Amino acid sequence: MAGTPGSSAPEQGQENEPLLGPEEAEAFQSKWQAVQTAFVDDPQDAVRTADALVAEVMQTLARSFAARKEGLESQWGRGEEVLTEDLRIAFQRYRSFFNRLLST
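Now for a look at the structure at hand. These numbers were taken from a predicted model, which means no experiment stands behind them.

So, the packing of helix α2 (residues 22-38) against helix α3 (residues 43-77)
Between α2 and α3, the shortest axis-to-axis distance is 9 Å and the interhelical angle comes to 170 degrees. When the interaxial angle is binned, α2 and α3 end up roughly antiparallel. At the point where α2 passes α3, the crossing takes the left-handed sense. Mapping the contact onto sequence places E24, F28, K31, W32, V35 and A38 in α2 and A46, T49, A50, L53, E56, V57 and T60 in α3. Across the contact of α2 with α3, the residue classes break down as 8 nonpolar, 2 polar and 3 charged.

Shown next, in the form of structure tokens:
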């Protein structure tokens with residue numbers, strides 16, 4: 001697909017697709033705002049809380065990827081053929097997450 005005229009725009013949009021649902025992301029943003037505000041009064045506790053919050057986000061992402069992988073593997077285990085489109089989407093999500101981790 002790479003190199004096909006016009007094909008990079010849709011893939012680029014999928015590359016930047018949010019890794020969390022909007023409700024989860026909003027909840028984590030609210031927690032982060034509270035931690036950031038608390039920094040003024042107790043920086044040490046704010047850093048500890050920020051560490052825990054980042055760990056929570058990472059665990060949530062890991063569970064999300066594991067659940068998708070489990071779904072695909074259960075289809076394979078039952079002898080079902082997984083649609084190439086489902087595999088493409090899963091692969092794109094992995095690639096996007098991988099690239100985001102390396103670019104930080």
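Thoughts on the environment of A90
Assignment of secondary structure puts A90 in helix α4 (residues 84-103). Residue class for A90 comes out buried when judged on its relative accessible area of 13%. C-alpha of A90 to C-alpha of F65: the two residues are 25 residues apart in sequence and 8.7 Å apart in space.

A closer look at the packing of aromatic side chains
Under the defined criterion, the tally for this structure stands at 2 aromatic pairs. One aromatic cluster is present, formed by F65, Y94 and F97 through successive ring pairs. Seen from the ring of F65, R93 lies directly overhead, with NZ or CZ sitting 5.3 Å from the centre.

A closer look at a nonpolar patch on the surface
A cluster of nonpolar side chains, namely W32, V54 and M58, defines an oily patch on the protein surface of about 290 Å² accessible area. Along the chain, the position of W32 falls in helix α2.

Structural notes on the nonpolar core
Residues L19, L20, F28, V35, A46, A50, L53, L61 and F65 constitute the largest nonpolar core, which totals 9 residues. Contributing elements (two or more residues each) for this core: α2 and α3. Ranked by residue count, the leading element in this core is α3, at 5 residues. When sequence neighbours within four positions are dropped, the list of residues in contact with L61 reads L19, L20 and F97.

Conventions adopted
- Residues numbered from 1 in each chain as written.
- Predicted model: local features only at pLDDT ≥ 70, side-chain atom pairs only at ≥ 80, totals over all residues.
- Heavy atoms only, no water.
- Axes fitted to C-alpha atoms, helices over the stretch in contact; angles between N-to-C directions.
- Helix = DSSP H or I, 4+ residues; strand = E, 2+ residues; numbered from the N terminus.
- Parallel < 35°, antiparallel > 145°, perpendicular 65-115°, else oblique.
- Left-handed = near helix turned anticlockwise from the far one by under 90°.
- Contact = heavy atoms within 4.5 Å.
- Nonpolar A, V, L, I, M, F, W, Y, C, P; charged D, E, K, R; others polar.
- Buried < 20%, exposed > 50% of the residue type's maximum accessible area, 1.4 Å probe, protein only.
- Phe/Tyr/Trp six-rings, centres within 6.5 Å; stacked < 30°, edge-to-face > 60°.
- Lys NZ or Arg CZ within 6 Å of the ring centre and 35° of its normal.
- Patch = residues over 30% accessible without salt bridge, like charges linked within 9 Å, V, L, I, M, F, W, Y side chains within 5 Å.
- Areas by Shrake-Rupley, 256 points an atom, 1.4 Å probe, with all protein chains shown as cover.
- Salt bridge = Lys/Arg side-chain N within 4 Å of Asp/Glu carboxyl O.
- Core = buried A, V, L, I, M, F, W, Y, C linked by side-chain atoms within 4.5 Å.

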